[in-house]
Amino acid sequence: GQQVMQIPQYQHVQEGEDFTTYCNSSTTLSNIQWYKQRPGGHPVFLIQLVKSGEVKKQKRLTFQFGEAKKNSSLHITATQTTDVGTYFCAGDYNTDKLIFGTGTRLQVFP
Amino acid sequence: KAGVTQTPRYLIKTRGQQVTLSCSPISGHRSVSWYQQTPGQGLQFLFEYFSETQRNKGNFPGRFSGRQFSNSRSEMNVSTLELGDSALYLCASSLWTGTLNEQYFGPGTRLTVT
């Protein structure tokens, strides 16, 4: 069935270090979305990628969608303590529902 | 624009009881999805409603049901509660126009079953 795998599960970094989380799907995605959930909060939409090979940037965050539309990554440059939270990818297979990855919990030490 | 609201925010129930959770989407959003979030299982899709019709359902038992009203407000019902139903239940609304389907999540209802 449709499944989105996300790694790593946890990542602890020193403030200023970079961070990357990866999502992989066994089948081709229509599009992929990324969400951030702060501790005690709810998921908040970050971005949606639709085109093969697409790269989008939001300040220190860089999002990529693979050429085959089966994988995606989120890279944060020079992490800050405000980046703490769980980052989820969510795959859309054109089935009117999103399949969320298991999430990567990011902890940033000052 | 007001965000997605969910009521109640917290709920404690005992095994065997039933519970109804409510979600009011962002004005103009016709799609409402429900998710169950637990530490071990992450975000699991329950079902999605669009214009009062259930378009999709996740892999949950029939004890979990939902509906959507003509004003797009949605309710979710869980009957015969089990301890494993303890979770954060999140509702999300979306415009769902073709490829644009970003989800706007509500604060969730924290359900504890004892």
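Residues numbered from 1 in each chain as written. Chains lettered and ligands numbered in written order. Predicted model: local features only at pLDDT ≥ 70, side-chain atom pairs only at ≥ 80, totals over all residues. Heavy atoms only, no water.

Caption draft 1: How the structure looks around the interface of chain B and chain A. Across the contact, 18 residues belong to chain B and 15 residues belong to chain A. When the two sides are added together, the surface that chain B and chain A hide from each other amounts to roughly 1500 Å², 54% of it contributed by carbon and sulfur. There are zero salt bridges connecting chain B and chain A. In this assembly, chain B and chain A are joined by five residue pairs in polar contact (both at pLDDT 80 or more). The residue inventory of the side of chain B that touches chain A, partitioned by class, reads eight nonpolar, six polar and four charged. (Contact = heavy atoms within 4.5 Å. Buried area = accessible area lost by both parts, 1.4 Å probe. Salt bridge = Lys/Arg side-chain N within 4 Å of Asp/Glu carboxyl O. Polar contact = N/O pair within 3.5 Å; in protein donor to acceptor, adjacent residues only side chain to side chain. Nonpolar A, V, L, I, M, F, W, Y, C, P; charged D, E, K, R; others polar.)

Caption draft 2: View of unusual backbone geometry. With an omega of -5 degrees, the peptide bond between A:Ile7 and A:Pro8 qualifies as cis. In this model, B:Thr7 is joined to B:Pro8 through a cis peptide bond whose omega is -10 degrees. Relative to the assigned elements, B:Pro8 resides in the loop between strand 1 (5-7) and strand 2 (10-13). We note that B:Thr80 has phi near 45 degrees; this positive angle belongs to a residue other than glycine. Tracing the chain through its elements places B:Thr80 in the loop between strand 8 (74-78) and strand 9 (87-94). Judged by its relative accessible area of 47%, B:Thr80 is partly exposed. (Helix = DSSP H or I, 4+ residues; strand = E, 2+ residues; numbered from the N terminus. Buried < 20%, exposed > 50% of the residue type's maximum accessible area, 1.4 Å probe, protein only.)

Caption draft 3: Local environment of the packing of aromatic side chains. Under the counting rule described, the total for this entry stands at 12 aromatic pairs over all chains. A centroid spacing of 5.6 Å and a plane angle of 75 degrees characterise the contact between A:Tyr35 and A:Phe45, whose relative ring orientation is edge-to-face. Of this pair, A:Tyr35 sits in strand 4 (residues 31-37) while A:Phe45 sits in strand 5 (residues 44-49), and the two are 10 residues apart along the sequence. Since its relative accessible area comes to 0%, A:Tyr35 is described here as buried. The rings of A:Tyr35, A:Phe45, A:Phe88, A:Phe100, B:Tyr35, B:Phe45 and B:Phe105 are connected pair by pair, giving a single aromatic cluster. (Phe/Tyr/Trp six-rings, centres within 6.5 Å; stacked < 30°, edge-to-face > 60°.)

Caption draft 4: Structural view of the pairing of strand 7 (residues 61-65) of chain A. Residues and elements named next belong to chain A. Most of strand 7 is tucked away: four of the five residues are buried. Bridge count between strand 6 (residues 55-58) and strand 7: four bridges; the pairing is antiparallel. Counted as the bridge partner of Lys57 is Thr62 from strand 7. In textbook terms, the turn of a hairpin is the stretch between consecutive antiparallel strands, and for strand 6 and strand 7 this stretch comprises two residues, one of which, Lys59, has a positive phi near 55 degrees. One ladder, built from five bridges, connects strand 7 with strand 8 (residues 71-76); its direction is antiparallel. Paired with Phe63 across the bridge in strand 8 is Leu74. Following strand 7, the chain reverses through five residues before pairing antiparallel with strand 8; Lys69 in that reversal takes a positive phi of roughly 55 degrees. (Pairing = 2+ DSSP bridges.)

Caption draft 5: Here's a closer look at the side chain of B:Gln37. Structurally, B:Gln37 can be placed in strand 4 (residues 31-38). At 2.8 Å, the side chain of B:Gln37 forms a polar contact with the side chain of A:Gln37. When residues no more than four places from it in sequence are discounted, the contact partners of B:Gln37 are A:Gln37, A:Phe88, B:Gly42, B:Leu43, B:Ala87, B:Leu88 and B:Leu90.

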